[in-house]
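Fold and contact review
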Amino acid sequence: MSVTFSVDGEAYEIADEHATLSLLRVLRDVLQITAAKNACEQGECGSCTVAIDGELACACLVLAGQADGASVETAAGLAGAGSLHPVQEAFVQAGAVQCGFCTPGFVMATRDLLARNADPSDDDIREGLAGNLCRCTGYHKILDAVRAAAVALREDAET
Amino acid sequence: MRALWSGATGADSQGSRLTLLRPRTLDEALAARADRPDALVVAGGTGVLPWLTEGLEPPALLDLSAVAGLRDVTRDGDVVVLGAGVTYTQVIEDLDGVLPGLAAAARTIAGRQVRNRATLAGALVLADPSGDTLAALVAARAEVELAGAAGARRVAVEDFVIAAGRCALGPGELVVALRVPVADGPTAYAKAGARNAMARAVCGVAVALHPARRTLTAGVVGAAAHPVVPHAAEELVARRWGALDDGAVTAFGALVAEAVDDPIADVRGSGAYRRHLAGVLAARALRRAWEDLP
């Protein structure tokens, strides 16, 4: 049985003995894709957040074999040529990045939230990002970043 | 360091010793289950992957995530049939209209990443007695549909979850669906836990009102080692349906608390605290649902 999936547009084939590793371990240890981080490896912190066929997921909770045929996206795939994705730009501008370890997961979760709710209230943001933890910022700047990203994406949509 | 997954990086990275079985149809899955009763079943992965990370080495993994149709939702008269692969997100986004109580409970579970993958059936098989959807399923008087070599059978949810980590799944059996009656009245779910999200229920109470029959059904999780059906409390509401005043709501709460006759005591709370919570949350849920009566 061969397992194949794409990560940020690149196709990969996974050996059988790697199919029962977690997707997170395959991304980081086998494919050397580090945009999904490993902090808790139990699905509690969200630092390994990726999108699998457009659905937000913790890569540490997915068997690599379960991603067969899927399109996996990490934060590393969001930037365009020469420019950051609006969510990434908002995090940088808002000062929402301190050590940066949680940031890729938060960026993926924010993109997902704003795709489902283009004008979230603060309560919506807190609920939408409940699966992501930050130990540095105290979350205030992260909320600022999400609000700014929401505005930027709405403006992009209108133009 | 994790027993299975330490080692070098790159394509030569130390692999896993586990065998992965990945059936594509329910028949294949049942055959695999009969053939490898020692295989650990995994679907959503949110319960099993942390065990693997901690070093669990099952003889094989039986992954159901590729079984065709397991995420389907169908109707059988007044019953919604949820395939065993149906996730919390599916319930929240697609079934809030017909199963509002179940959707309300599902919304309180974990975070978005987990809800997208975790299955309701998985929660039943894992038999964590704090499972939020267990409360709503019990209140809805839902049934678990099982299939195996001996054929198909149905078990009431409250009978399926026997104790913490123990369910009524027989050897060679798989959960294939949950059968949940469509809500015929207001519902509510009240939960207490350590945080607003990513927290197990220290206690959760779901209530469902059935105005056409003038009855209430309820389910309590988190307080005991198995979901509790508070029969005496339900009977009280049926008796007092036309005149449900504050005293009756308080009495309802007290009867729900009494129904938890063997509460859990652990780091999250004492037995007495859990019984107290059951009473408070039951009264709160009843008031919320009652407000929604037409």
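Reading guide: rules and limits
- Residues numbered from 1 in each chain as written.
- Chains lettered and ligands numbered in written order.
- Predicted model: local features only at pLDDT ≥ 70, side-chain atom pairs only at ≥ 80, totals over all residues.
- Heavy atoms only, no water.
- Helix = DSSP H or I, 4+ residues; strand = E, 2+ residues; numbered from the N terminus.
- Buried < 20%, exposed > 50% of the residue type's maximum accessible area, 1.4 Å probe, protein only.
- Contact = heavy atoms within 4.5 Å.
- Areas by Shrake-Rupley, 256 points an atom, 1.4 Å probe, with all protein chains shown as cover.
- Lys, Arg positive; Asp, Glu negative; His and termini not counted.
- Charge placed at Lys NZ, Arg CZ, Asp CG, Glu CD.
- Pairing = 2+ DSSP bridges.
- Axes fitted to C-alpha atoms, helices over the stretch in contact; angles between N-to-C directions.
- Domains from an automatic or database assignment.
- Buried area = accessible area lost by both parts, 1.4 Å probe.
- Salt bridge = Lys/Arg side-chain N within 4 Å of Asp/Glu carboxyl O.
- Nonpolar A, V, L, I, M, F, W, Y, C, P; charged D, E, K, R; others polar.
- Core = buried A, V, L, I, M, F, W, Y, C linked by side-chain atoms within 4.5 Å.
- Parallel < 35°, antiparallel > 145°, perpendicular 65-115°, else oblique.
- Left-handed = near helix turned anticlockwise from the far one by under 90°.
- Phe/Tyr/Trp six-rings, centres within 6.5 Å; stacked < 30°, edge-to-face > 60°.
- pLDDT = per-residue confidence, 0-100.
- Polar contact = N/O pair within 3.5 Å; in protein donor to acceptor, adjacent residues only side chain to side chain.

Our focus in this paragraph is the overall build of chain B. The helix and strand tally for chain B stands at 11 helices and 13 strands. Judged by the C-alpha coordinates and their principal axes, chain B covers about 70 × 45 × 30 Å. Counting every position in chain B, which comprises 294 residues, the buried fraction comes to 54%. Pairs at least 24 apart in sequence give 60% of the contacts found in chain B among residues at least 6 apart. For chain B, the accessible surface area stands at approximately 12200 Å², while carbon and sulfur atoms represent 51% of it. Between the averaged position of the 30 positive side-chain charges in chain B and that of its 32 negative side-chain charges there is a distance of 4 Å.

The next thing to look at is the sheet that holds strand β2 (residues 40-42) of chain B. Strand pairing within a sheet occurs via backbone hydrogen bonds; the two strands may be parallel or antiparallel. All names here are of chain B. One open sheet holds the 3 strands; their spatial order is β1-β3-β2, and the pairing between them is parallel. Strands at the two margins of the open sheet, each flanked by one partner only, are β1 (19-21) and β2. Averaged over neighbouring strand pairs, the angle between their axes works out to 30° when direction is ignored. By the bridge criterion, 3 bridges tie β1 to strand β3 (residues 60-63) in an arrangement that is parallel. When the bridges of β3 are listed, L21 appears paired with L62.

Let us now look at the domain arrangement of chain A. Frequently, the measure chosen for interface size is the accessible area removed from exposure when the parts meet. Residue and element names in this part refer to chain A. Domains assigned within chain A are domain 1 (2-77) and domain 2 (86-158). The straight-line distance from the C-alpha centre of domain 1 to that of domain 2 is 22 Å. Each side of the interface is counted separately: domain 1 has 16 residues, and domain 2 has 11 residues. For the pair domain 1 and domain 2, the summed buried area comes to about 1100 Å², and 61% of that belongs to carbon and sulfur atoms. Contact with domain 2 buries area across many residues of domain 1, yet K37, L56 and A75 alone supply 42% of it, more than any other trio. Along the contact surface separating domain 1 from domain 2 lie 1 salt bridge. Linking R111 and E73 is a salt bridge whose minimum nitrogen-to-oxygen distance equals 3.2 Å. Examining the composition of the side of domain 1 that touches domain 2, we find that 3 residues originate from one element, strand β3 (residues 49-52), more than from any other. Looking at the side of domain 1 that touches domain 2 residue by residue, the class counts come to 7 nonpolar, 6 polar and 3 charged.

Attention shifts here to the nonpolar core. F5 and L23 of chain A together with L82 of chain B are the most contacted members of the largest nonpolar core, which totals 97 residues. Among residues more than four places away in sequence, those in contact with F5 of chain A are E10, A11, Y12, I14, L23, V26, L31, A64, A67, G69, A70 and V72 of chain A. Among the nonpolar cores identified, the runner-up in size contains 32 residues, and A188, F252, L277 and A285 of chain B belong to it.

Let us now look at the pattern of salt bridges. Overall, the coordinates contain 24 salt bridges over all chains when judged by the stated rule. For R25 of chain A, the salt bridge is made with E41 of chain A, and the minimal N-O distance between the two is 2.8 Å. Separated by 16 residues along the polypeptide, R25 of chain A in helix α2 (residues 23-30) and E41 of chain A in the loop between α2 and β3 bring together distant segments of the chain. Residue class for R25 of chain A comes out buried when judged on its relative accessible area of 7%. As a salt-bridge pair, E55 of chain A and R71 of chain B come within 3.9 Å of each other at their nearest N and O atoms. Highlighted residues: E55 of chain A in strand β4 (residues 55-58) and R71 of chain B in the loop between β3 and β4 (73-76), drawn from two different chains. Judged by its relative accessible area of 39%, R71 of chain B falls in the partly exposed class. Each of the salt bridges in this network shares a partner with another, and the network as a whole consists of D112 and R116 of chain A together with E93 and R112 of chain B.

Another point: the packing of helix α3 (residues 86-93) of chain A against helix α6 (residues 140-158) of chain A. Residue and element names in this part refer to chain A. Close contact between α3 and α6 brings their axes to 8 Å; oriented N to C, the two are set at 140°. Taken together, the axis directions place α3 and α6 in an arrangement best described as oblique. Judged by the sense of rotation from one axis to the other, the crossing of α3 with α6 is right-handed. On α6, the residues that touch P86, V87, A90 and F91 of α3 are I142, A145, V146, A148, A149, A152, L153 and D156.

Moving on to the packing of aromatic side chains. All names here are of chain B. On inspection of all chains with the given rule, the structure shows 2 aromatic pairs over all chains. Ring plane angle 65° and centroid distance 4.8 Å describe the contact between W241 and W290, whose orientation is recorded as edge-to-face. One end of the pair, W241, is in the loop between α9 (231-239) and α10 (246-259); the other, W290, is in helix α11 (residues 271-291), and 49 residues separate them in sequence.

Looking now at the confidence of the model for chain B. When pLDDT is averaged across chain B, the result is 94; 95% of the residues are at 70 or more. Interface confidence for the predicted complex, given as ipTM, is 0.97, next to a pTM of 0.95.

Attention now goes to the interface of chain A and chain B. Opposite the 38 residues of chain A that make contact, chain B presents 38 residues. Summed over both partners, the interface of chain A with chain B comes to about 3000 Å²; 54% of that surface belongs to carbon and sulfur atoms. Contact with chain B buries surface across chain A, with T20, L61 and Q66 of chain A losing the most and accounting together for 21% of the total. Linking chain A with chain B are 2 salt bridges. Linking chain A with chain B are 7 residue pairs in polar contact (both at pLDDT 80 or more). Of all elements in the fold, only α1 (16-19), α2, β3, β4, α4 (103-116) and α5 (122-128) of chain A reach the threshold of two or more residues within the side of chain A that touches chain B.

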